[in-house]
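# Inside the fold
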Amino acid sequence: MQKLGDFKLPQFFNYPPYFTLQPVRDTREKQIQLWKDLILDYCKTHHIFVIGLEDQDFPLFSNPAIERSLTYEAREAFLSALVAQGRAEWLDKSRRKCLVLWHRIQDWANIVLDFVKDNGLEDSVMTVEEIRTGIESRGTELHGIDRTVLMRALKMLEQKGKLAIFKGTTADDEGVKFSI
Amino acid sequence: MAGNCLQAVELTTSGRPVLLPTEIECSLLSAVDLECEDLPNFPHLKSGLLILTTHRLLWLPDSTTTIPTASSSASAIPLAAITHIFAAKKSIKSMFHSPRLRFQLSVSPEGRVPDSGSGSRSVVVTVVVRGKSDLDAFLSKFWESWRGRAWEIGDEQGSSDAVSGSGSASSSGLYTREGTVRMVGVSGILRKEQEMWESTDKSLQDAFQDLNALMSKAKEMVMLAEKMRQKLLSGSQPNDEELGSKQEMQDWMLSVGIISPVTKESAGAQYHQQLSRQLADFVRLPLERAGGMMNLIDIYCLFNRARGTELISPEDLLQACSLWEKFDVPVMLRKFDSGVMVIQNKSHSDEEVFARIKTLVMKPDALRTGISASDAAITLGIAPGMAKEHLLTAESKGLLCRDISPDGFRFYINLFPEIDPNDLYLVKDYGIYHTWLRAASASG
């Protein structure tokens, strides 16, 4: 079985037409679906949150074994499909960077809640950075989470009254008061 | 059966008359009646197509309106049997009637047009022109053809009798003058001028001679090409080299095809119809050789090459092909999604081609590296352009997938339907996906 890092690649990854955007509608729909699933699985395994379309270091878009790689147009097509499904967002108007939500924001919010409960933090205060990179988060999916994604999850919880976000001493470090 | 009077005319599958070996069409009138009061058993020939050739007058029933019956089928009157053509009568009466043309025909005592020699009885035949046509132009061509007596010439080169140039009558008088003349004085200058005029006239006449000579030579060349083709066909087992030059010979011969091109002049308003039928006849052989389907551009080149002169424009070709829908011909025009237009036999089957493509694309090599249009062309025995159209059509039906890379534009069997969207890693141990995997892994 071929692998990209820890990620197991399916057999059709070696099928050359997989890397050419198919024009026939039914075929294309199937192709898009396979790419969407693959992108989400890969990002989840490797904890990747942002894909830059022009990056050479997102290895999923090429297969050196068969000497094929997706054109820019193809990458945009597959990521747009993810965006339309609500599993990704464009970070800029020119569509060069894409935020991948291999957990939906709602799912991340629940993960934060679980994290708080598991560590007995129901009434305490933490900075956002601590949530992201602190000792408690090690070994959980929260560790190293993209800051934008975390903020969105926190804001969602704030609207539900589960916590309050406030500005910290420095401009870029906000704090969170849990009241779960 | 043309009653008992006139000769029968053989027709091709497209409804065009089969011409005699050196016969050439000159003019065409539509909506014409042929009548003969002197003969009671003269057939009922109403509102048909009258074709004047160098050898005969042909009357064809109009295929779109009349139903051919025993008495109104395609008939011919050999020009040899015509003894006189009457001048068109212009009178007040003729202004209100349909224009008419009368000629005298020599028949046997029973009222039949003889195949050879002349009959003993004389009858008058009237041609009534019901449609809008230029009768005067037709009449002058009728005179020319009748005077030309092309049926007497056979395979020999046309003699000067066949030349229609009006200069010949007057210049023959000049040629009988003998003796040299001295160039002195005014009479000398006048004579010099006359001699210059004579030589110009002679070279004009020679030029016309050449044209007729060329026309008859064309017939010889076609016969020669046919002989050589037969010889090549019956030749010994060819190896690859011979096969190549054999192909060349065949192609060259195919281009030497038609002696009697349908021209705007000779067919008038019927131009596109007649052209359409002639095209349907011509296209039969190249289509067979090309495997049942051929690019319209290739037909355009082949057809014009065979015509030699009187080339047709692309619009004429397109119009002629579009008219095929109206007739019962075995060929049709087809436009692919990509815009490419082809002519194909009505009997052509897309399904059969797809089955062959599928077989080709499931071979181990094709599973590993796919097929290109040229690969398909070689295997299917058709032109690469046609092969590409077939591959694209197969792709649109979901049979194939494309792969575009620096290696080129290739096609693979479509695996996508075989992949389970709920288990991306599953490969069943039977079926197309399994076969593909085995072939792909075999190369290491």
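Residues numbered from 1 in each chain as written. Chains lettered and ligands numbered in written order. Predicted model: local features only at pLDDT ≥ 70, side-chain atom pairs only at ≥ 80, totals over all residues. Heavy atoms only, no water.

### Observations concerning the overall build of chain A
What counts, and what does not: The helix count covers DSSP runs of H or I at least four residues long, the strand count covers runs of E at least two residues long, and both are numbered beginning at the N terminus. Between buried and exposed lies partly exposed: a residue is buried under 20% and exposed over 50% of the maximum accessible area for its type, with that area taken using a 1.4 Å probe on protein chains only. By definition in these notes, contact holds between two residues if any of their heavy atoms fall within 4.5 Å. In short, Shrake-Rupley with a 1.4 Å probe defines the accessible areas, and a residue's cover is counted only from the protein chains shown.
Counting its secondary structure elements, chain A contains five helices and ten strands. Expressed as a percentage of its 180 residues, the buried residues of chain A come to 47%. Within chain A, contacts between residues separated by at least 24 positions form 53% of all contacts whose residues are at least 6 apart in sequence. When the accessible surface of chain A is split by element, carbon and sulfur atoms take 47% of a total near 8,900 Å².

### Things to note about the overall build of chain B
Per the secondary structure count, chain B includes 14 helices and 13 strands. Here chain B holds 444 residues, and 40% of them are scored as buried. Surface accessibility of chain B: about 24,700 Å² in total, with carbon and sulfur atoms responsible for 55%.

### Details of the packing of helix α7 (residues 271–289) of chain B against helix α9 (residues 314–323) of chain B
Residues and elements named next belong to chain B. The condition is simple: Where helices are involved, their axes are fitted lines through C-alpha atoms of the stretch in contact, as for all axes, and angles between N-to-C directions lie from 0 to 180°. Oblique is the label for every angle not falling under 35 degrees (roughly parallel), over 145 degrees (roughly antiparallel), or within 65 to 115 degrees (roughly perpendicular). The classification used treats Ala, Val, Leu, Ile, Met, Phe, Trp, Tyr, Cys and Pro as nonpolar, Asp, Glu, Lys and Arg as charged, and all other residues, Gly among them, as polar.
One can describe the packing of α7 onto α9 by two numbers: an axis separation of 8 Å at closest approach and a directional angle of 75 degrees. Taken together, the axis directions place α7 and α9 in an arrangement best described as roughly perpendicular. For the pair α7 and α9, the contacting residues are Y271, H272, Q273, L275, S276 and L279 in the first and D316, L317, Q319, A320, C321 and L323 in the second. Residue composition of the contact of α7 with α9, grouped by class: seven nonpolar, four polar and one charged.

### Thoughts on the sheet that holds strand β2 (residues 25–35) of chain B
Residues and elements named next belong to chain B. Quick reminder of the rule: Pairing between two strands requires that DSSP report at least two bridges joining them.
As summarised here, the arrangement of the eight strands in space is β1-β5-β4-β3-β2-β8-β7-β6, forming an open sheet in which the pairing is antiparallel. Either end of the sheet is taken by a strand with one partner, and the two such strands are β1 (7–8) and β6 (82–85). Both β6 and strand β7 (residues 100–107) contribute to a ladder of three bridges, which runs antiparallel. Across the sheet, the residue bridging to I85 is F103, located in β7. Strand contacts of helix α2 (residues 135–148): β2, β3 (45–53), β4 (56–61), β6, β7 and β8 (121–129), with the helix running at about 140 degrees to β6, the strand carrying the most contacts.

### Looking at the interface of chain A and chain B
Counted only if it meets this: The buried area of a pairing is the accessible area, by a 1.4 Å probe, that goes missing from both parts when the two are put together, added over both. Think of a salt bridge as a Lys or Arg side-chain nitrogen and an Asp or Glu carboxyl oxygen that are within 4 Å of each other. Any pair of nitrogen or oxygen atoms within 3.5 Å is treated as a polar contact; in protein, a donor-acceptor pairing is required on top of that, and neighbouring residues in sequence qualify only through side-chain atoms on both sides.
Facing the 25 residues of chain A at the interface are 22 residues of chain B. Taking both sides of the interface into account, the surface hidden between chain A and chain B amounts to around 2,100 Å²; carbon and sulfur atoms contribute 66%. Between the two partners, chain A and chain B, sit two salt bridges. In this structure, A:R68 engages B:D403 in a salt bridge whose closest nitrogen and oxygen atoms are separated by 2.8 Å. Joining chain A to chain B, the criterion identifies ten residue pairs in polar contact (both at pLDDT 80 or more). Secondary-structure elements contributing two or more residues to the side of chain A that touches chain B are β2 (7–8) and α1 (25–46) of chain A. By residue number, the principal contributor to the side of chain A that touches chain B is α1(A), which donates eight residues. Here the residues of the side of chain A that touches chain B are counted per class, giving 13 nonpolar, seven polar and five charged.

### Structural notes on the sheet that holds strand β9 (residues 163–167) of chain A
All names here are of chain A. Ordered in space as β8-β10-β9, the three strands form an open sheet in which the pairing is antiparallel. A single partner strand is all that each edge strand has here, and the edge strands are β8 (125–127) and β9. Strand-to-strand twist in this sheet, taken as the mean axis angle between neighbours without regard to direction, amounts to 25 degrees. Bridging between β8 and strand β10 (residues 174–178) involves three bridges; their strand directions are antiparallel. Pairing of V125 across the sheet is with K177, part of β10.

### Some thoughts on α7(B)
Residues and elements named next belong to chain B. Condition: To estimate the expected span of a helix, subtract one from its residue number and multiply by 1.5 Å. Fitting one axis to the seven residues ending at a residue and another to the seven starting there, the bend at that residue is the angle between the two axes.
When the terminal C-alpha atoms of α7 are compared, their 28 Å separation across 19 residues agrees well with the 27 Å that a helix rising 1.5 Å per residue should span. V283 marks where α7 bends most, by close to 35 degrees; the proline P286 follows one to four residues later. Buried within α7 we find Y271, Q274, L275, S276, R277, Q278, L279, A280, F282, V283, P286 and L287.

### Digging into helix α12 (residues 373–380) of chain B
Residues and elements named next belong to chain B. What counts, and what does not: To obtain the arc, one takes the directions from the helix axis to the C-beta atoms.
Along α12, the positions that sit buried rather than exposed are A373, A376, A377 and L380. The arc that holds every buried residue of α12, seen down its axis, measures 105 degrees, which confines them to one face. Looking at the buried residues of α12, the elements they touch are α10 (350–361) and α13 (384–396).

### Structural notes on the pairing of β4(B)
Residues and elements named next belong to chain B. Burial analysis of β4 places six of its six residues in the buried class, which makes it a mostly covered element. Going residue by residue along β4, you find R56, L58 and L60 tucked away on one face and L57, W59 and P61 tucked away on the opposite face as well. In the sheet, β3 pairs with β4 via five bridges, with the strands oriented antiparallel. Its bridge partner being in β4, L49 is matched across the sheet by L60. A loop of two residues connects β3 with β4, the two strands running antiparallel in sequence. Of the pairings in the sheet, the one linking β4 to strand β5 (residues 75–78) comprises four bridges and is antiparallel in character. Its bridge partner lying in β5, W59 is registered against S75.

### Section: the confidence of the model for chain B
For the record, the criterion: Residue-level confidence of the predictor is summarised by pLDDT, bounded by 0 at the bottom and 100 at the top.
Here chain B averages 78 in pLDDT, and 78% of its residues register 70 or above. Scored as a whole, the predicted complex attains pTM 0.59, and scored at its interfaces, ipTM 0.85.

### Thoughts on the environment of B:V340
Residue and element names in this part refer to chain B. Locating V340 in the fold gives a position in the loop between β10 (331–335) and β11 (341–345). Residue V340 is classed as partly exposed on the basis of its relative accessible area, which comes to 25%. Spatially, the C-alpha atoms of V340 and N295 are 7.6 Å apart, while their sequence positions differ by 45 residues. Those residues in contact with V340 that sit more than four places away from it in its chain are R334, K335, M386 and E389.

### Focus on the packing of aromatic side chains
Cut-off, in case you're wondering: Whether two aromatic rings pair depends on their centres lying within 6.5 Å, for rings of Phe, Tyr and Trp, where Trp uses its six-membered ring; planes under 30 degrees apart make the pair stacked, over 60 edge-to-face, and the rest tilted. Geometrically, a charge over a ring is one whose NZ (Lys) or CZ (Arg) sits within 6 Å of the ring centre while staying within 35 degrees of the ring normal.
The tally for this structure, following the rule as stated, stands at 23 aromatic pairs over all chains. Directly above the aromatic system of B:F409 lies the positively charged group of B:K388, at a separation of 4.7 Å from the ring centroid.

### What about the side chain of B:H390?
Among the secondary structure elements, B:H390 is positioned in helix α13. Those residues within four positions of B:H390 in sequence are excluded, and the remaining contacts are B:M293, B:H348, B:V353, B:F354, B:I357 and B:I382.

### Considering a nonpolar patch on the surface
Definition in use: Here the term patch refers to residues with relative accessible area over 30% and no salt bridge, with like charges joined within 9 Å and nonpolar side chains (Val, Leu, Ile, Met, Phe, Trp, Tyr) within 5 Å.
On the surface, a nonpolar cluster with roughly 410 Å² of combined accessible area is contributed by B:F208, B:L211, B:L214 and B:M215. Its location among the elements puts B:L214 in helix α4 (residues 185–233).

### Brief notes about the packing of α10(B) against α12(B)
Residues and elements named next belong to chain B. This is how it is decided: Should the near helix be turned anticlockwise from the far one by less than a right angle, the crossing is termed left-handed; should it be turned clockwise, right-handed.
Direction vectors running N to C along α10 and α12 enclose 115 degrees, while the axes themselves pass 11 Å from each other. By the criterion of interaxial angle, the relationship of α10 to α12 is roughly perpendicular. Relative to α12, α10 is oriented so that their crossing is right-handed. Where α10 abuts α12, its residues V353, R356, I357 and L360 lie against A376, T379 and L380. Of the residues belonging to the contact of α10 with α12, the class tally is five nonpolar, one polar and one charged.

### Re the state of the cysteines
Where we set the bar: Cysteine sulfur atoms that pair up within 2.5 Å are treated as a disulfide.
The final tally for this structure, using the stated rule, is zero disulfides over all chains. Here A:C98 is not cross-linked by a disulfide; its sulfur's nearest cysteine counterpart is in A:C43, at 8.8 Å.

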